[in-house]
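# A closer look at the structure
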Amino acid sequence: MTVHAMRRPRIKPEHRAYRTVDGHVRIGSVVHGIGAEVKDPDGWVWTLVRAMDGTRAAADVVAEVSGRHPELRLAAPDIVQAMTDLTDAGYVEDAGAPPPAELSERERERHSRGMTLMRWMDLRPRSSPWDPQVLLRRARVLLVGAGGTGSAAARDLVASGVGRLHCVEPDVVELSNLNRQTLFGERDVGRPKIDAVLAALRALNAGTEVTGERREVRGPADLEDLLTGAAGADGAPGYDALLLAADRPATIRRWANQVCLASGTPWAEAGYRGPLVSVGVFTPGRGACWQCLRDAEIERRDLRLAPGQDEDVASPRMPWNPANAVTAGLSGGLLAHAALMLLCGVPPVEPGCRFGLNLMVPGDPVLQRSPRRPDCPACRPAEPDPAPAQRSGSGGRGPS
Ligand SMILES: [Zn+2]
């Protein structure tokens, strides 16, 4: 999207500029990661951002700026370049863009606040501020696990307007779930969770196509089967993202990594470990895979274990997973947020990382990021085959 393709370029309302005490132009809000400061010794950048108020075509903005600063003899290409820089940085939208045909008036009313939040966090030039919402509307998501994290993630994604969500969960609602699994009520106790989840989600937003099945994942083949189960409107199988919110069996994350690498499916997994809540976000072929990140973290942390000592002694596994509605809600919220990142590119965070928070120490973030590891047993590219003719079968597909 170039500034000249826009009917009426406008600085996004959430990115409105102001002038600092020393005459610089600050734009994009004061939020770290979005805002920027532009030097403006002659004052014309300030005129420019004020002229980009959505009432003029790009050519008229240029005329307005050069007309107000005749003494500077500004060249039109320089003004256009400044507008282009602002557009490329994500601060500009087209005030004349028509509403997208894919979203009904009712949907636009429903998601009007979400659209403005996405617009605020979005740093890509778009033809319409509704583009990320349209991407979400088109998306097909597979959610495995609808307990504490999963039911909260499902609620947040369906409320946000995801197009299609398929939920997989084997368990029955128990009284001891109700302290954290807030999609369920007392009258759901004894009912299959999947039935209660589907009823709650359909009541929340009839615009999302919510489906589900009562099923347990017992191996990578089950995940593979689930991932290829959907057929989109175009007839193509698969999902745009997998969200993993199950922690049983213990190897399920490893399976998800393996299956998503093979199918090229972006995925995320979230959970809590006591006061630590985090989400991992992965896209095959872009950055670290789950295994890369895990191996890097094991190398990084110094548990001061004796040689040969099992690391479980430092981080004991209990038959229960301590949690309440707060940790489950945060974890599910982070998982839904990761899905928005993967599906809409908002905010534009590179995958291959884990982030979250430590409730014990406000301001102490959980952050793991590592480059892709060339020796990773999971995502390492296949060795060049010296004699491909002698091999039979296609073998596993690596990430592209
Ligand atoms: Zn890897």
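Refer to the structure above for everything that follows.
Quick caveat: nothing in here was measured; it's all calculated off a predicted structure.

### Re the pairing of strand S13 (residues 365-369)
Along S13, the buried face is formed by Val366 and Gln368; none of Pro365, Leu367 and Arg369, which line the opposite face, is buried. Here five bridges tie strand S12 (residues 353-358) to S13, and the two strands are oriented antiparallel to one another. Counterpart to Arg354 in the pairing with S13 is Gln368. Hairpin remark: S12 followed by S13, antiparallel, with six residues in the connecting loop; positive phi at Gly363, about 90 degrees.

### Regarding the coordination of the zinc ion
Those protein atoms acting as donors to the zinc ion are Cys289 (SG), Cys292 (SG), Cys376 (SG) and Cys379 (SG), and they sit at 2.2 to 2.3 Å. Considering all four donor atoms around the zinc ion, angles at the metal cover 100 to 119 degrees and the coordination shape is tetrahedral. If you list the donors of the zinc ion from N- to C-terminus, the spacing comes out as C-x2-C-x83-C-x2-C. Classification of Cys289 as buried rests on a relative accessible area of 5%.

### Observations regarding empty space enclosed by the protein
Over the atoms, a rolling probe the size of a water molecule traces out where space has been left empty. Taken as a whole and assessed by the stated rule, the structure comprises two cavities of 30 Å³ or more. Roughly 90 Å³ of internal volume is contained in the largest cavity. Taken together, 14 residues form the lining of the largest cavity, with Lys12, Asp122, Arg126, Ser128 and Pro129 sitting closest to its centre. Going through the elements one at a time, strand S5 (92-94) and helix H5 (112-121) are the ones with two or more residues in the lining of the largest cavity. Its residues assigned to classes, the lining of the largest cavity shows five nonpolar, two polar and seven charged.

Quick notes on the rules
- Residues numbered from 1 in each chain as written.
- Predicted model: local features only at pLDDT ≥ 70, side-chain atom pairs only at ≥ 80, totals over all residues.
- Heavy atoms only, no water.
- Buried < 20%, exposed > 50% of the residue type's maximum accessible area, 1.4 Å probe, protein only.
- Helix = DSSP H or I, 4+ residues; strand = E, 2+ residues; numbered from the N terminus.
- Pairing = 2+ DSSP bridges.
- Donors = N, O, S within 2.8 Å, 3.2 Å for Na, K, Ca; no water.
- Tetrahedral: all angles 85-135°; square planar, octahedral: opposite > 155°, others 65-115°.
- 1 Å grid on protein atoms, 1.4 Å probe; cavity = no way out; pocket = protein on both sides within 12 Å on 5 of 7 lines; lining within 4 Å.
- Points joined across faces, edges and corners; volume = space filled by probe spheres on them.
- Nonpolar A, V, L, I, M, F, W, Y, C, P; charged D, E, K, R; others polar.

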